[in-house]
Amino acid sequence: MPGFLISPDAATGEHGDLLDLIRESCGLVDFTDIVNEARAFLRMQPYEPEPQSRQRLARMPTGSLEAARRLLGRSKPILGTIVEAYLRERGIAHLQETERQRSHPRCYYRPDKHSPPEAWPAMIAAVTDLNGQITGAHRTWLDPSGRGKAPIDTPRRAMGALLGNAVRLGIGDDVMAAGEGIETVLSLRSVLLDMPMLAALSAAHLAAVLFPPRLRRLYIARDNDPAGDWACNTLTARARTAGIDTIMLSPQRSDFNDDLRNLGLEALRTAIRMQVAPDDVGRLMSNAA
């Protein structure tokens, strides 16, 4: 049965169809039940399924890997968009190797399953595994002015498989850095332009990131709170068990974006230079002198 295109998919920010809406609103799973509900809505005769029709759904489940890939495919590069304005408002001017961050002008957000969807611009980030394969997507809904996140209850949400994976900047090799938030990692990369980094998206996911096989030194960008301490300690223990040297990078305020916005780029650069191993300063901060 062909899809009846009517409304956007609130979870992915893309347009869905009548079957998607009925499946979600009525809590139906069986394909025939979904189609018959749609036909009743359209005053059509009940659907008689062909063999194997019961085994397929009209669209992929909300929050699935395919939904994440579809959302990323319908987003665009951030330069010249509200996402660039948002990042620059947060003091982040170095946007090299941000291909994994994209912009969506009308990404749909639903507060809960009983509420109608709302449309907000959003920063969309690809979550990838160690081989660079997309495993999910992260959404940060933005205020249309570009001056902060959207005024909604949960302006950040992820979809797909996050555990062990991350939003990556550069290709991890023998030395890399890991942190929680995208803005935190982008801020740190403003002064460590040549260091591959990843944003795990939460403290729990930071503690569980997977290590590239050649990794010998891991810099852990700590958020200055109890969850950040726990993630840093847990990740440090895992890395040392794997024979990986770890160095903690600590912000002066709550996180490195807070430092960048309130203390400035030069103060952040000076503080990081004092924490980075001497043999990494020349090759990883060479463009930030």
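Residues numbered from 1 in each chain as written. Predicted model: local features only at pLDDT ≥ 70, side-chain atom pairs only at ≥ 80, totals over all residues. Heavy atoms only, no water.

Here we take up the overall build of the chain. What the chain contains, in helices and strands, is 10 helices and 12 strands. Expressed as a percentage of its 289 residues, the buried residues of the chain come to 52%. Long-range pairs, those at least 24 residues apart, make up 60% of the contacts in the chain between residues at least 6 apart in sequence. (Helix = DSSP H or I, 4+ residues; strand = E, 2+ residues; numbered from the N terminus. Buried < 20%, exposed > 50% of the residue type's maximum accessible area, 1.4 Å probe, protein only. Contact = heavy atoms within 4.5 Å.)

What follows is about the nonpolar core. Leu87, Leu188, Leu192, Tyr219 and Ile272 are the most contacted members of the largest nonpolar core, which has 39 residues in total. Those residues in contact with Leu192 that sit more than four places away from it in its chain are Met197, Leu249, Ile272, Val276, Leu284 and Met285. Core analysis: the second largest hydrophobic core is formed by 18 residues, Phe211, Leu218, Ile220 and Leu235 among them. (Core = buried A, V, L, I, M, F, W, Y, C linked by side-chain atoms within 4.5 Å.)

In this section: the confidence of the model for the chain. Averaged over all residues, the pLDDT of the chain is 82; the fraction at 70 or higher stands at 77%. Taken as a whole, residues 1-18 scores under 50 in pLDDT and shows 60 contacts with residues more than four places along the chain or in a different chain. Low pLDDT (under 50) marks residues 24-29, which in the prediction has 11 contacts with non-local residues, meaning those over four places away or in another chain. (pLDDT = per-residue confidence, 0-100.)

This brings us to the environment of Val191. Its place among the elements puts Val191 in the loop between helix 5 (182-189) and strand 10 (197-199). The exposure class of Val191 is buried, given its relative accessible area of 0%. Residues Val191 and Leu265 lie 74 residues apart in sequence; the distance between their C-alpha atoms is 7.6 Å.

This part covers the sheet that holds strand 3 (residues 76-77). Here five strands make up an open sheet; going across it, the order is 3-4-5-6-7 and the pairing antiparallel. Looking at which strands have only one partner, the edges of the open sheet turn out to be strand 3 and strand 7 (156-160). As paired strands, strand 5 (residues 118-128) and strand 6 (residues 134-141) are joined by seven bridges and run antiparallel to one another. Bridged to Met123 within strand 6 is Thr140. The strands that helix 4 (residues 82-89) touches are strand 4 (101-109), strand 5, strand 6 and strand 7; relative to strand 5, the one it contacts most, it runs at about 80 degrees. (Pairing = 2+ DSSP bridges. Axes fitted to C-alpha atoms, helices over the stretch in contact; angles between N-to-C directions.)

Moving on: the packing of aromatic side chains. In the structure shown here, the tally under the stated rule is one aromatic pair. A centroid spacing of 5.0 Å and a plane angle of 70 degrees characterise the contact between Tyr109 and Trp141, whose relative ring orientation is edge-to-face. Here the residue Tyr109 occupies a position in strand 4, and Trp141 occupies one in strand 6, the gap between them amounting to 32 residues. Using a relative accessible area of 2% as the deciding quantity, one classes Tyr109 as buried. Take Trp141: its relative accessible area is 1%, and that puts it in the buried class. (Phe/Tyr/Trp six-rings, centres within 6.5 Å; stacked < 30°, edge-to-face > 60°.)

Glancing now at the sheet that holds strand 8 (residues 167-169). Judged by pairing direction, the sheet is mixed, and its five strands sit side by side in the order 8-10-9-11-12 without closing on themselves. In the strand order of this sheet, the two ends are held by strand 8 and strand 12 (245-249), each with one partner. Pairs of neighbouring strands in the sheet enclose a mean axial angle of 20 degrees, with direction left out of account. With four bridges connecting them, strand 9 (residues 175-179) and strand 11 (residues 217-221) associate as parallel partners.

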